[in-house]
Amino acid sequence: MTVAETEAMGTRWLPGDVTPRERIERIIRVDHAGEYGAARIYAGQLAVLGRGAKGDLLRHMRAQEQRHLDTFSDLIARRRVRPTALLPLWHAAGFMLGAVTARLGERAAMACTVAVEEAIDAHYAAQSADLGDDEADLRATIEEFRVEEREHRDIGLANDAERTPGYRLLHGAISVGCRVAIALSERI
Ligand SMILES: [Fe+2]
Ligand SMILES: [Fe+2]
């Protein structure tokens, strides 16, 4: 059944339930927010480590995040989805997270990447499983980007993320932060 057909049934949806249209809007809104935040994290890391040994790796990931962001910005416009009101917050918080972890060192920056990209991978996996054939294009986009998010996570792991002092604590804190950011950006 397509979203339009399900919406036409109307009465299926109890007050307070999320309609199919709102479900898709939430997906596009939160993914746009996430890619925006991711691009800002890498910008923050590059501001500190751009001239270092990991500069090219960071630029590679930053470029991919920019393409993800451009795609979701386009979807926001074409499908007339309201972007999250929290973009100014993610603008500042993303850059700060990237810059602060980079200040702690290259390994801590990579630990940040592992935590963030794992969260995005799980988030995209859940969305992909949830989307039907009526949203095959959106699902394919999410799956395509998910492959690159996993690549970013693997780059972090291959660059000594886990050897960061306090790795588990740092990883845990950033994971919680990502989940909170995702929940807020779907709704607000
Ligand atoms: Fe991304
Ligand atoms: Fe990524």
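Structural data are supplied above this passage.
In this text, all values refer to a predicted model and were calculated from it rather than measured experimentally.

Bringing the coordination of the iron ion (ligand 2) into the picture now. Listed as protein donors to the iron ion (ligand 2) are Glu 65 (OE), Glu 117 (OE), Glu 117 (OE), Glu 149 (OE) and His 152 (ND1); their distances from the metal cover 1.9 to 2.4 Å. Sequence spacing of the donors to the iron ion (ligand 2): E-x51-E-x31-E-x2-H. For the pair the iron ion (ligand 2) and the iron ion (ligand 1), the metal-to-metal distance amounts to 3.7 Å, and Glu 65 bridges them. Note that Glu 65 is positioned in helix H3 (residues 55-78) and Glu 117 in helix H5 (residues 106-130), a separation of 52 residues in sequence. Each member of the pair Glu 65 and Glu 117 is classed as buried.

What follows concerns the coordination of the iron ion (ligand 1). Protein-derived coordination of the iron ion (ligand 1) comes from Glu 35 (OE), Glu 35 (OE), Glu 65 (OE), His 68 (ND1) and Glu 149 (OE), at a distance range of 2.0 to 2.7 Å. For the iron ion (ligand 1), all donor residues lie on one chain, and their spacing in sequence is E-x29-E-x2-H-x80-E. For His 68, a relative accessible area of 0% translates into the label buried.

Our focus in this paragraph is the layout of surface pockets. In this structure, the largest pocket encloses a volume near 450 Å³. Secondary structure elements with two or more residues in the lining of the largest pocket: helix H2 (20-49), helix H4 (87-104), H5 and helix H7 (167-187). The element best represented in the lining of the largest pocket is H2, accounting for eight residues. Taken together, the residues of the lining of the largest pocket sort by class into 15 nonpolar, six polar and two charged.

This part takes up the packing of H3 against helix H6 (residues 136-158). It is at 11 Å that the axes of H3 and H6 come closest, and there the two elements cross at 160°. Accordingly, the angle class assigned to the pair H3 and H6 is roughly antiparallel. In this structure, H3 crosses over H6, and the sense of that crossing is left-handed. Facing Leu 57, His 60, Met 61, Gln 64, Glu 65, Arg 67, His 68, Thr 71, Phe 72 and Leu 75 of H3, the residues of H6 in contact are Leu 138, Thr 141, Ile 142, Glu 144, Phe 145, Glu 148, Glu 149, Glu 151, His 152 and Ile 155. Across the contact of H3 with H6, the residue classes break down as eight nonpolar, six polar and six charged.

Our focus in this paragraph is H7. A rise of 1.5 Å per residue sets the reference length of H7, with its 21 residues, at 30 Å; its end C-alpha atoms lie 31 Å apart and thus fit the reference within 8%. Among the residues making up H7, those that are buried are Tyr 167, Leu 170, His 171, Ile 174, Ser 175, Cys 178, Ala 181, Ser 185 and Glu 186. Taken end-on, H7 shows its buried residues confined to a sector of 130°, consistent with a single buried face. H7 presents Arg 168, Leu 169, Ala 173 and Arg 179 as exposed residues on the side facing more than 90 degrees away from its buried surface. If you follow the buried residues of H7, they end up packed against H2, H4, H5 and H6.

What counts, and at which threshold
Residues numbered from 1 in each chain as written. Chains lettered and ligands numbered in written order. Predicted model: local features only at pLDDT ≥ 70, side-chain atom pairs only at ≥ 80, totals over all residues. Heavy atoms only, no water. Donors = N, O, S within 2.8 Å, 3.2 Å for Na, K, Ca; no water. Helix = DSSP H or I, 4+ residues; strand = E, 2+ residues; numbered from the N terminus. Buried < 20%, exposed > 50% of the residue type's maximum accessible area, 1.4 Å probe, protein only. 1 Å grid on protein atoms, 1.4 Å probe; cavity = no way out; pocket = protein on both sides within 12 Å on 5 of 7 lines; lining within 4 Å. Points joined across faces, edges and corners; volume = space filled by probe spheres on them. Nonpolar A, V, L, I, M, F, W, Y, C, P; charged D, E, K, R; others polar. Axes fitted to C-alpha atoms, helices over the stretch in contact; angles between N-to-C directions. Parallel < 35°, antiparallel > 145°, perpendicular 65-115°, else oblique. Left-handed = near helix turned anticlockwise from the far one by under 90°. Contact = heavy atoms within 4.5 Å. Expected span 1.5 Å × (residues − 1). Arc of directions from axis to C-beta.

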